[in-house]
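# Coordinate analysis (summary)
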Amino acid sequence: METRLSEHQPADKEMTPVQVEGVRKSSRKVLAPKRLRYSPAALPPPVRRKPNIEDLQREEEDSSVAENSGMEVTNGEGLSAYELERLENIRQNQAFLSAINLFQASEELKQSSAKRQPSQRGLTSRSHAEIKEVLPPRKSLRLQNKQAEVLTLPPEPRGTSVIRQALQLKKPAGPLSMTPVNMAEGSKLPPQLLKLCSDVSPQERRDELNLSEYCSSLRKMTISEEKVAKVVKDRIFSAAFHPSSTSLLMAAGDKWGKVGLWSLGGDWGDDGVLLFEPHTRPVGCLAFSRAHPAQLLSLSYDGSMRCMDMEKTVFDEVYDIKDGLKTFDFLSHDCLTLVVGDWYGNVAMVDRRTPGTSHESLHSLDPKVLRCVSVHPLQQQYFAVAVSKEVNIYDSRSLKKSKSQPVCQLRGHSLSISSCYFSPCTGDRVVTSCMDNHIRIFDTSALTSEAPLLTSIRHNMQTGRWLSKLSAVWDPKQENCLMVGSVSQPRNVQVFHESGRSLHIFKDDKHLNTVLSVTAFHPCRKAFLGGNASGRLHIFSD
């Protein structure tokens, strides 16, 4: 037995058995339990590797735990060499992270990437809360010892017939009452609204600013929380400024035929917002009458065109077809004659003085879609039409029912054109926005058979299916400057000179966090609006 015990004695001096006290001994002679004590000198040196961010963060947490628990980190009493080395690594890593300000940068990144809440001004969910009918509680017929009702299933819909029937619904013919849907039933329009719309003094033509003065005026235009409001329920398709010089009044049309009016600083409706329902499909075009500022004309994809008359408090019918109206513009200074375009490549000449809702003449210009029309500001017999991949300028005096010959053509586009507009004062320029990611400016001062291209500005126009198309628009106060929204980050709106030079970029990290697809300048004040896909208008003004 003694020989066997001697065989089990450890040969390595580094590992020695230690007798454990307090262990109950057996009556038989057996080996006492042993605990091996490792010598630090016998351990291989630890392999140091370059710490990554996760290791640094983990060591930082361990250090904070050690500090909170009252551990003695500075003195090494009761700590092994490995723990001392680990604490030294934590101290060095903390010093390194503090030197490069990583913790501060991390907090700033979290704050900047936090989702910002959109503006709660304007329309809210409470404005459109419908009173739900209180139904009696449902009870089991079996528990009431009653026979179950025999119901027959309705016929299954075929294809998209249900969707088509819903899309074909239109408002009833005839004038519609101007009843705001976001106010209590029976409410009347505020009298201040009519006074505001009618108070328009004639503005004298001012001399244009030079570029340095114009850029300085742009830098003074800012946005604040009060200048953002939800004006319509859904995506904005069109928007316009009222020509009043005393206050800011805006109109916007959305995807489902609603038209909203917003008076900045108004005390009626929802933060100055009034909502109406004159149409059932997207409102593709809006414009205030320059001769009668109390009238707002709106056109919808449902085939109806109406005039909001604030003096009569009705939506009068102006023009009506089955469906597919897209755009319009005024053909005269009194705003009584119009050129109206539809999705099927037709333009109609409409005279509002003629009784009924029909056109004076209808002309087929292109077998494909027609997207925009724009009338020359001085020679109003000429109008530009964006069809397919080119823009044609026609003379309204020589139009035929089909195959009309254009007076001038604007070529060079490789994809579909979303908009085209004459310059607001002289009509010597036409700006086009094309899906090939270019904004082009043509010289139309001579109206030759083919207008020469002056400038091509590369700009990302790919908005996708959920945003309205971007369109470059002129500043009516500055003949040679234009504005367009942007899909780049951070969200912004850009102003260009006709030479292609970028003059100013409007952006605001706090109040502008969305793509403003629909933009428009105020006709006489230093202000512009931008509409987004959630029905909100953003106003920049001095």
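This report concerns the structure included in the present document.

Cut-offs used in this document
Residues numbered from 1 in each chain as written. Predicted model: local features only at pLDDT ≥ 70, side-chain atom pairs only at ≥ 80, totals over all residues. Heavy atoms only, no water. Pairing = 2+ DSSP bridges. Helix = DSSP H or I, 4+ residues; strand = E, 2+ residues; numbered from the N terminus. Axes fitted to C-alpha atoms, helices over the stretch in contact; angles between N-to-C directions. Salt bridge = Lys/Arg side-chain N within 4 Å of Asp/Glu carboxyl O. Buried < 20%, exposed > 50% of the residue type's maximum accessible area, 1.4 Å probe, protein only. Polar contact = N/O pair within 3.5 Å; in protein donor to acceptor, adjacent residues only side chain to side chain. Contact = heavy atoms within 4.5 Å. Core = buried A, V, L, I, M, F, W, Y, C linked by side-chain atoms within 4.5 Å. Phe/Tyr/Trp six-rings, centres within 6.5 Å; stacked < 30°, edge-to-face > 60°. Lys NZ or Arg CZ within 6 Å of the ring centre and 35° of its normal. Arc of directions from axis to C-beta. Patch = residues over 30% accessible without salt bridge, like charges linked within 9 Å, V, L, I, M, F, W, Y side chains within 5 Å. Areas by Shrake-Rupley, 256 points an atom, 1.4 Å probe, with all protein chains shown as cover. Disulfide = S-S within 2.5 Å.

In space, the four strands of this open sheet follow the order β15-β16-β17-β18, with antiparallel pairing throughout. The sheet is open, and its two edges are formed by β15 (370–375) and β18 (408–410), each paired on a single side. Taking the axes of each pair of neighbouring strands and ignoring which way they run, one obtains an average angle of 20 degrees across the sheet. Where β15 lies against strand β16 (residues 382–387), five bridges are found, and the strand directions are antiparallel. Directly across from S374, in β16, lies its bridge partner A384.

A side chain of one charge can pair with a side chain of the opposite charge when the charged atoms of the two come close. Overall, the coordinates contain 11 salt bridges when judged by the stated rule. With a closest N to O distance of 3.0 Å, R353 and D351 form a salt bridge. When its relative accessible area of 54% is taken as the criterion, R353 is described as exposed. Using a relative accessible area of 16% as the deciding quantity, one classes D351 as buried.

This brings us to the side chain of S471. Secondary-structure assignment places S471 in the loop between β22 (453–458) and β23 (473–475). S471 gets classed as buried once you look at its relative accessible area, which sits at 15%. A distance of 3.4 Å separates the side chain of S471 from the side chain of S419, its partner in a polar contact. Aside from chain neighbours lying at most four places away, what touches S471 is S418, S419, S433, M483, V484, S517 and T519.

Right, let's get into the nonpolar core. Among the nonpolar cores identified, the biggest contains 22 residues, and L193, L261, F276, L296, M308 and M310 are the most heavily contacted of them. Every element with two or more residues in this core is listed here: α6 (191–198), β4 (249–254), β5 (259–263), β6 (273–276) and β7 (283–288). Look past the residues within four positions of L193 in its chain and what remains in contact with it is L249, L261, W268, L274 and M310. Core analysis: the second largest hydrophobic core is formed by 19 residues, I236, A239, L248 and M250 among them.

Attention shifts here to the sheet that holds strand β10 (residues 314–320). Pairing is antiparallel across the open sheet formed by five strands, whose spatial order is β1-β10-β9-β8-β7. The two strands at the open ends of the sheet, each matched to only one other strand, are β1 (176–177) and β7.

Right, let's talk about the side chain of S263 for a bit. Assignment of secondary structure puts S263 in strand β5. With residues up to four places along the chain from it excluded, the contact list for S263 reads L196, L248, L249, W268, D271 and G272.

Turning our eyes to something else, we now look at the packing of aromatic side chains. Across all of its chains, the model carries nine aromatic pairs by this definition. Measuring from ring centre to ring centre gives 6.0 Å for F237 and Y301, while their planes differ by 90 degrees; the resulting arrangement is edge-to-face. Taken together, the residues F237 in strand β3 (residues 236–241) and Y301 in the loop between β8 (295–300) and β9 (304–309) connect sequence positions 64 residues apart. Considering the side-chain rings of F506 and F528, the 4.7 Å spacing of their centres and the 55 degrees angle between planes classify their relative orientation as tilted. Highlighted residues: F506 in strand β26 (residues 502–506) and F528 in strand β28 (residues 527–531), separated in sequence by 22 residues. The structure contains a cluster of three or more aromatic residues connected by ring pairs, namely F506, F521, F528 and F540. Just above the ring of W466 sits the side chain of R465; from NZ or CZ to the centre is 4.4 Å.

Take α6 next. It helps to recall that an α-helix has 3.6 residues per turn; residues three or four apart then point in one direction. Along α6, the positions that sit buried rather than exposed are L193, L196 and C197. Within α6, the buried residues cover an arc of 95 degrees as seen down the axis, which keeps them to one side. Along α6, exposed side chains directed more than 90 degrees from the buried face belong to P191 and K195. On its buried face, α6 sits against β4, β5 and β6.

For the rest of this paragraph, the subject is a nonpolar patch on the surface. Taken together, the side chains of F96, I100 and L102 make up a nonpolar region of the molecular surface, amounting to roughly 260 Å² of accessible area. Mapped onto the elements, F96 comes out in helix α3 (residues 81–99). Looking at F96, the relative accessible area reads 49%, which means it is partly exposed.

Turning to the pairing of strand β27 (residues 518–521), a few remarks are in order. Successive side chains on a regular strand alternate, one facing one side of the sheet and the next facing the other. In β27, alternate side chains face the same way, and those of V518 and A520 on one face and T519 and F521 on the other are all buried. Of the pairings in the sheet, the one linking β27 to β28 comprises four bridges and is antiparallel in character. Paired with V518 across the strands is G531, a residue of β28. In textbook terms, the turn of a hairpin is the stretch between consecutive antiparallel strands, and for β27 and β28 this stretch comprises five residues.

Two cysteines whose sulfur atoms are joined by a covalent bond form what is called a disulfide. Within the structure shown, the criterion is met by zero disulfides. The thiol of C285 is not disulfide-bonded; the next cysteine sulfur, from C372, is found 7.7 Å away. C285 gets classed as buried once you look at its relative accessible area, which sits at 14%.

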